[in-house]
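Architecture and fold: a report
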Amino acid sequence: MRKPFVAGNWKMNTDSRTSVELAERIASGSMDTSQKATIAVCPPFVYLQAVAKALSASSVAIGAQDMYFEAKGAFTGEISTAMLKDIGCIYCLCGHSERRHVIGETDELINKKVTAAIGGGLLPILCVGELLAEREATQTDKVVTRQLKEGLSGLSAEKLSAVTIAYEPVWAIGTGLTATPQQAQDVHEMIRELLGQMYDASLTEEIRILYGGSVKPGNAAELMGQKDVDGLLVGGASLKADDFLAIINASI
Ligand code: PEP
């Protein structure tokens, strides 16, 4: 049985006051539900420590939105796994679509990040998903297969258990368009089958596959009702405590 996992990606939003306020409201509002679901929030780097403090009495985990694969040294502007661990991070998004398509990250770079995250004791959330043009050209499975094979390249079965996958169709992120529950289920099922071929079917039964893309309180339960949808990665709606808490409630 896979425990539901709801993660909030705050992206480049909030400030020093609102990040702490949001964290405090999520912590207090999830007291009753936090045993039934894994809950995490991914604030901007500069607010990670303040948010970690605000969440310290709760079981809401913190994650980073990104990291660099090198351990230390002359990499101006970058943040290492050890630094994130040092301030209490548990999770790290790797290959979010905005990093792929706005910043220009490649599958090869994302694979280095996933590998370094696990090596350093972080739990990566590997994000995959197709562009609208790719869906319209019926390339979804091909694109997601490539992103998974390259993103997980060289990873042993033992290390795979540290990974969460997030399927986020790019056309549904921040657009208000959501994949239908059936569209999400179809890709999630394909992902689980592919992981089964790459590794071992029994092992991949344990891997959580999150859906992301304009998740709201009103569509969370139906998405979570799909057999292979194990959780939700929430952008915009995670910035409103009431909405994020409603999504958590709809997921358990
Ligand atoms: C995301 O940032 O991962 C995301 C899914 O955003 P939104 O929920 O706003 O579409």
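Computed from a prediction, not measured in an experiment: that's the story for all the values here. (Residues numbered from 1 in each chain as written. Predicted model: local features only at pLDDT ≥ 70, side-chain atom pairs only at ≥ 80, totals over all residues. Heavy atoms only, no water.)

Turning next to the side chain of S251. Mapped onto the elements, S251 comes out in helix 12 (residues 241–251). With relative accessibility at 5%, the residue S251 sits in the buried group. Setting aside chain neighbours within four positions, we find S251 in contact with P4, V6, M224 and L232. (Helix = DSSP H or I, 4+ residues; strand = E, 2+ residues; numbered from the N terminus. Buried < 20%, exposed > 50% of the residue type's maximum accessible area, 1.4 Å probe, protein only. Contact = heavy atoms within 4.5 Å.)

This part covers helix 1 (residues 16–29). With 14 residues, helix 1 ought to run about 20 Å at 1.5 Å a step, and its terminal C-alpha atoms sit 20 Å apart, in line with that. Residues of helix 1 that are buried in the fold lie against strand 2 (38–42), helix 2 (48–54) and helix 12. Two to three positions downstream of the cap, the backbone nitrogen of R17 sits 3.0 Å from a side-chain oxygen, assigning the N-cap of helix 1 to D15. (Expected span 1.5 Å × (residues − 1). Polar contact = N/O pair within 3.5 Å; in protein donor to acceptor, adjacent residues only side chain to side chain.)

Another aspect to go through is the site of the ligand. Surrounding the ligand, one finds 14 residues, the nearest of these being K11, E168, G174, S214 and G235. Between the ligand and E168 there is a distance of 2.6 Å, counted from an oxygen atom to a side-chain nitrogen or oxygen. G235 is positioned with one of its backbone polar atoms (N or O) 2.8 Å from an oxygen atom of the ligand. According to the grid-proximity analysis, the pocket containing the ligand is the second largest pocket. Residues that form the shell around the ligand fall into these classes: four nonpolar, eight polar and two charged. (Near = heavy atom within 4 Å. 1 Å grid on protein atoms, 1.4 Å probe; cavity = no way out; pocket = protein on both sides within 12 Å on 5 of 7 lines; lining within 4 Å. Sits in = over half its atoms within 2 Å of the grid points. Nonpolar A, V, L, I, M, F, W, Y, C, P; charged D, E, K, R; others polar.)

A separate point is the sheet that holds strand 2. Here we have eight strands rolled up into a closed barrel, ordered 1-2-3-4-5-6-7-8, and parallel in their pairing. When strand polarity is set aside, the average angle formed by the axes of neighbouring strands in this sheet is 25°. Bridge count between strand 2 and strand 3 (residues 61–64): two bridges; the pairing is parallel. The residue bridging V41 from the neighbouring strand is I62, located in strand 3. Across the sheet, helix 5 (residues 107–119) touches strand 4 (91–94) and strand 5 (123–128), and the angle it forms with strand 5 is around 160°. Those strands touched by helix 9 (residues 181–198) are strand 5, strand 6 (164–167) and strand 7 (209–212), and its axis lies near 150° from that of strand 7. (Pairing = 2+ DSSP bridges. Axes fitted to C-alpha atoms, helices over the stretch in contact; angles between N-to-C directions.)

Keep in mind these numbers describe shape, not what the thing actually does.
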